[in-house]
Amino acid sequence: MKILVAVKRVVDYNVKVRPKSDGTDVDIANAKMSINPFCEIAVEEAVRLKEKGVATEIVAVSMGPKQSQEQIRTAMALGADRGILVESDDALEPLAVAKCLKAIIANESPDLVIMGKQSIDGDNNQTGQMLGALTSMPQGTFASEVEIADGKAKVTREIDGGLQTVELTLPAIVTTDLRLNEPRYASLPNIMKAKKKPLDTTTPADLGVDTAPRVQTLKVEPPAERQAGIKVADVAELVDKLKNEAKVIS
Amino acid sequence: MAAPILNTRDLEFMLYELFDAEGMTQRPRYADHSRETFTAAMDTSRAVAEKYMLPIRQKVDTNEPTFDGKNVHMLPEIKTAVQAVIDSGLSSMTADYELGGMQMPLIAANATGAYLSAAGSTMMGYTGLTNANCNLIEAHGTQAQIDKWVAPMREGRFAGTMAMTEPGAGSGLADLTTSAVPQEDGTYRVSGNKIFISGGDHELNENIVHLVLARVKGAPKGVKGISLFIVPKFLVNEDGSLGERNDVWLAGLFHKMGGRGQTSCALSFGEKEGAVAYLVGEENQGLRYMFHMMNEARIMVGTAAAVTALTGYQYSLDYAKERPQGRLASCKDPHSAPVNIIKHPDVRRMLLAQKAYSEGAYALCLLGAQLADDERTAPTEEERKQAHLLLDFLTPIIKSWPSEYGPRANSLAIQVMGGHGYINEHPVEMFYRDNRLNPIHEGTYGVQSLDLLARKVPMGGMAGYQACLAEMEKTINEASTDAAVAGFAKELTEAIQTLKSTTEVLLGAMAEKNIDLALANSVKYLELFGNVVVAWIWLKQGIVASKALAGNPHEDDQKFYKGKLQALKYFYRFELPEINVWSKILCDLDDTTYEMQEEWF
Ligand SMILES: Cc1cc2nc3c(=O)[nH]c(=O)nc-3n(C[C@H](O)[C@H](O)[C@H](O)COP(=O)(O)OP(=O)(O)OC[C@H]3O[C@@H](n4cnc5c(N)ncnc54)[C@H](O)[C@@H]3O)c2cc1C
Ligand SMILES: Cc1cc2nc3c(=O)[nH]c(=O)nc-3n(C[C@H](O)[C@H](O)[C@H](O)COP(=O)(O)OP(=O)(O)OC[C@H]3O[C@@H](n4cnc5c(N)ncnc54)[C@H](O)[C@@H]3O)c2cc1C
């Protein structure tokens, strides 16, 4: 069984991002970049399936600038067998990414696609679903457990108020939630091995994908600063404020 | 936000802007590496540190290992953490691929290991010493010894120790009495007592390989009669399986003010018929072999001291940004909110001092690591020789300056945090206790100062000394063309002048007068030389920062580089001038300590 994992290069989760002073975008010019945490979980799940003998090959794909090679290498150091970079310097929106993935799927014919439920930069939570629609593949989103048996994927999903289990016929798409697994870190020997694994590069144009943005960013600004707290004299004043100022009770 | 273990931006500055870690990848030995692999290794190290070491740091400190008369007991989490270090490949980063290593340059390995050291320094002792033990056997042992002992140590199955110190022989190893008797089969039987042996016994590994200094029966007195032996806890059969228990026993554990992750052992060799021992290299060459590895071992001590200072600095900095207390003198309004303590200039003084000490010390250690790399792998014979000369000369300073100023930085971290720094709800008091070992082991501060003044300075027609001055001159010339740092270059020139004249007086006195008197204030000479060297290291950092600022970098980087320039200024205003006091004491051949009588105390 072949698994395709999507990995995205994003600003590291430890970095506190700020808007650029002109408000056109988020300022990440100098920030440490890493593999998107949800993508890391996707890679981990694929590697576990391979270790269990369920999967035989893992292909890591990234859509983004040339430096996204680093994140593909990270995925390979974690256990992916080879990588594909769809190189583009454009800001790729979920639809463009989904279209690229669709084209890669057509070439690679994976049995399972695992990807993050969202990336921590755009926070869109769209790509997996769009890919499902574009390819007509069944999807199990927000997965907290994945089981593969008899050509089917049993996916436990985290939904409002509980868990839902769906059964998908392969090939299928799974998007990962936080609790699916705890990703490993790359051991040093595996970091070195990853350097020798094959990494192919293509472009959206080669794949026949139009990446023109559909959304226009008007302005980026920081959220309003939290106001300092105040002391109230008694319960009556507290109730009054909750009612009339905060308007959280009536 | 919790304080970071270390400032990664600063590590990158040192590796790639101040020094040229990436340039190492041009050399055949490191050709598989790139900045990307270094970064990945550092990410892994930080992950291991955060996952396995930080969470148990305090628990390890408050639960020291115990001995029930038979076995050592320690927190099981320590084994898990040490195993994670081994499994991730972080325990033998610099070793050859064939021996299970990663063939990383020392400079990159040093910065990678820094996270582990900062998050749980004393647990790293086990793998650190094992690594040092392996390096020694690889350099001076036979192929059969390497196969038998090094291979399982590199795999993490065996651990290694360095067993030198005895109750009657600490600084003065020449007086050690542990003896070795040759046997007909070519092995030896060792008996004697060793103390303070780090990792001397524990249950973390299948076997422990002691490297023991001992005197072969009939060997000459003094340093010329010391040999080096492999003495395993368990003998090892031809097929590599464990054999009989050897005649080496744990006599007891020491209870230390810090470093509680690691056992410190009194070991008794040969309580029965003598511990089976295998000679490394030739008889009577033991100390020479040991000293061959000393430069790197001493860089490791300096590094541990510097890194502990760095992490204490990060911790107290984070605290100072969030602790509201007091108001500025200019504020008379009692209704105003108290300011965060970082707003007080005196707190910034303490933070700046920590920054200047710790970043100065660590950059010095990385310079040492780079020289150790150059000594082995620089392209030409001439460059390798030059690197060896300079490293050999600088080693007492690389070991001692961080060891002395690291604990001072940690003491300031406590002070920044007030009462909260003194209690164990925060780790800074532990950092201080852990760090306090560093001026003691691997040659005490006093012994290092004698090594510098009486040996290293005059050695080889003062070749090392001259090489060091020449390097500093180069930096001064470079700095002189940049208005932002030219003033510091001038001050360093004057400081070097002071160093030169002091050196001249002392060498003259050593030759002509009472040598004991001439050496009486050697520690002040070490401090003088150390401050000049660290002033040089800060000037180097200033040159890089100033150049980078001229390129109008990103706002975050501007702040970073301005911080470097301010720490440079701090060092030149507050620390460097102290050399003038010390120089006077030295040049006067001040006899205050020399003349002090035992009975007057
Ligand atoms: C936690 C810890 C771990 C250690 N780990 C190891 C280990 O793994 N293996 C090992 O072999 N040893 C180890 N040691 C021993 C360590 O190397 C010695 O403690 C050190 O060499 C000093 O020796 P000493 O303690 O006997 O002090 P001493 O030599 O008695 O020194 C006492 C004081 O006298 C001064 N002094 C001594 N001689 C001179 C001199 N000639 N001139 C001027 N001043 C002098 C010293 O500077 C010092 O201030 C460890 C020690 C500790 C505390
Ligand atoms: C072991 C121990 C015993 C103690 N016993 C007692 C006791 O019996 N009774 C009791 O009442 N208290 C006691 N204390 C509390 C002790 O007096 C306080 O810890 C001390 O006053 C410092 O206050 P702090 O810890 O809140 O530090 P902070 O006031 O938060 O100080 C932190 C840092 O900020 C600096 N700073 C603060 N304000 C200013 C300013 N305006 N200008 C410049 N720098 C400033 C300080 O110098 C310090 O470096 C004890 C503390 C300890 C650790």
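Residues numbered from 1 in each chain as written. Chains lettered and ligands numbered in written order. Predicted model: local features only at pLDDT ≥ 70, side-chain atom pairs only at ≥ 80, totals over all residues.

**Things to note about the overall build of chain A**
The helix and strand inventory of chain A stands at 6 helices and 13 strands. Expressed as lengths along the three principal axes of its C-alpha atoms, the size of chain A is roughly 65 × 45 × 40 Å. Classification of the 250 residues of chain A by burial places 39% in the buried group. Partitioning the intrachain contacts of chain A with sequence separation of at least 6 by distance along the chain shows that 69% fall at a separation of at least 24. (Helix = DSSP H or I, 4+ residues; strand = E, 2+ residues; numbered from the N terminus. Buried ≥ 20, exposed ≤ 12 C-beta atoms within 10 Å, placed from the backbone. Contact = placed C-beta atoms within 7 Å.)

**Looking at the overall build of chain B**
In terms of helices and strands, chain B carries 21 helices and 12 strands. Against the compact-globule benchmark of 25 Å for 601 residues, chain B has a radius of gyration of 25 Å, which places it among compact chains. Projected onto its principal axes, the C-alpha positions of chain B cover 80 × 60 × 60 Å. Out of the 601 residues in chain B, the part that is buried amounts to 50%. Partitioning the contacts of chain B with sequence separation of at least 6, the portion at a separation of at least 24 is 75%. (Rg over C-alpha atoms; globule rule 2.2 N^0.38 Å.)

**Here we look at the interface of chain A and chain B**
Interfaces are often sized by the amount of accessible area the parts lose when they come together. Between chain A and chain B, the contact holds 14 residues from the first and 17 residues from the second. Breaking the side of chain A that touches chain B down by element, the ones donating at least two residues are α2 (69-78) and α5 (188-194) of chain A. Partitioning the side of chain A that touches chain B into residue classes produces 8 nonpolar, 3 polar and 3 charged. (Nonpolar A, V, L, I, M, F, W, Y, C, P; charged D, E, K, R; others polar.)

**Quick notes on the domain arrangement of chain B**
Segmentation of chain B into domains returns domain 1 (8-138), domain 2 (159-284) and domain 3 (462-601). Here domain 1 of chain B and domain 3 of chain B have C-alpha centroids that lie 32 Å from each other. (Domains from an automatic or database assignment.)

**So, the pairing of strand β8 (residues 112-116) of chain A**
Residues and elements named next belong to chain A. Across the 5 residues of β8, 5 count as buried, placing the element largely inside the fold. Taking every second residue as pointing to the same face, both faces of β8 are buried, with Leu112, Ile114 and Gly116 on one and Val113 and Met115 on the other. Two elements, strand β1 (residues 2-6) and β8, share 3 bridges in a ladder whose sense is parallel. Considered in β8, the bridge of Leu4 is made with Val113. In the sheet, β8 pairs with strand β12 (residues 172-176) via 5 bridges, with the strands oriented parallel. Bridge pairing links Ile114 to Val174 in β12. (Pairing = 2+ DSSP bridges.)

**Regarding the site of ligand 1**
As a matter of local geometry, ligand 1 sits amid 20 residues, with Met164, Gly170, Ser171, Thr444 and Gly446 of chain B nearest to it. At the level of elements, β3 (158-163), β5 (188-198) and α14 (445-456) of chain B are the ones that each hand at least two residues to the shell around ligand 1. (Near = placed C-beta within 6 Å.)

**Let's talk about the packing of helix α5 (residues 106-120) of chain B against helix α10 (residues 345-377) of chain B**
Residues and elements named next belong to chain B. At a minimum axis distance of 7 Å, the contact between α5 and α10 shows a crossing angle of 145°. From α5, Leu106, Ile107, Asn110 and Ala111 reach across to α10, where they touch Cys365, Leu366, Ala369, Gln370, Ala372 and Asp373. When grouped by side-chain class, the residues that make up the contact of α5 with α10 number 7 nonpolar, 2 polar and 1 charged. (Axes fitted to C-alpha atoms, helices over the stretch in contact; angles between N-to-C directions.)

**What to know about helix α13 (residues 428-435) of chain B**
Residues and elements named next belong to chain B. Counted residue by residue, α13 has 7 buried out of 8 residues, so it is predominantly covered. Three or more residues of α13 are buried, namely Val428, Glu429, Met430, Phe431, Tyr432, Asp434 and Asn435. The inward-facing, buried residues of α13 abut α3 (57-62), α9 (294-322), α11 (381-416) and α12 (419-422).

**Quick look at the environment of Gln126 of chain A**
All names here are of chain A. Checked against the element boundaries, Gln126 lands in the loop between β8 and α4 (127-135). Classification of Gln126 as partly exposed rests on a count of 16 C-beta atoms within 10 Å. C-alpha separation for the pair Gln126 and Pro94, spaced 32 residues apart in sequence, amounts to 6.1 Å.

**Observations regarding the site of ligand 2**
All names here are of chain B. Around ligand 2, a shell composed of 14 residues is seen, among which Gln325, Gly326, His344, Gly418 and Gly419 lie nearest. Taken together, the elements giving at least two residues each to the shell around ligand 2 come down to α10, α11 and α12. Of all the elements, α12 adds the most residues to the shell around ligand 2, at 3 residues. Within the shell around ligand 2, the residues separate by chemical class into 5 nonpolar, 7 polar and 2 charged.

**Comments concerning α10 of chain B**
Counted at 1.5 Å a residue, the expected span for α10 of chain B with its 33 residues is 48 Å, and the 46 Å between its end C-alpha atoms agrees. Most of α10 of chain B sits inside the fold, with 27 of its 33 residues counted as buried. (Expected span 1.5 Å × (residues − 1).)

**Let's talk about the pairing of β1 of chain A**
All names here are of chain A. Of all 5 residues in β1, 4 are buried, a share of seventy percent or more. Taken together, the 5 bridges between β1 and strand β6 (residues 57-64) define a ladder with parallel strand orientation. Of the residues in β6, the one forming a bridge with Val5 is Ala60.

**Quick look at the packing of helix α2 (residues 35-53) of chain B against α5 of chain B**
Residue and element names in this part refer to chain B. Contact geometry for α2 and α5: axes closest at 9 Å, N-to-C directions at 10°. With respect to their mutual orientation, α2 and α5 come out roughly parallel. Of α5, the residues touching α2 (which contributes Phe38, Ala41, Met42, Ser45, Arg46, Val48, Ala49 and Met53) are Ala108, Ala111, Thr112, Gly113, Tyr115, Leu116, Ala119 and Gly120. Residues of the contact of α2 with α5, tallied by class, amount to 11 nonpolar, 4 polar and 1 charged. (Parallel < 35°, antiparallel > 145°, perpendicular 65-115°, else oblique.)

**Considerations on unusual backbone geometry**
Residue and element names in this part refer to chain A. A cis amide bond links Leu170 to the next residue, Pro171, at an omega of -5°. Of note, Pro171 is situated in the loop between β11 (162-169) and β12. At Lys247, a residue that is not glycine, the phi angle is positive and equals roughly 55°. Structurally, Lys247 is set in the segment after α6 (235-244).

**Quick word on the nonpolar core**
Membership of the largest hydrophobic core comes to 240 residues, with the highest contact counts inside it found for Val5, Val43 and Ala60 of chain A together with Phe229 and Ala535 of chain B. Per-element accounting of this core gives the leading share, 17 residues, to α10 of chain B. In this structure Val43 of chain A touches Val5, Val7, Ala60, Ala75, Leu78, Ala80 and Pro183 of chain A, once residues within four positions along its chain are discounted. (Core = buried A, V, L, I, M, F, W, Y, C linked by C-beta atoms within 7 Å.)

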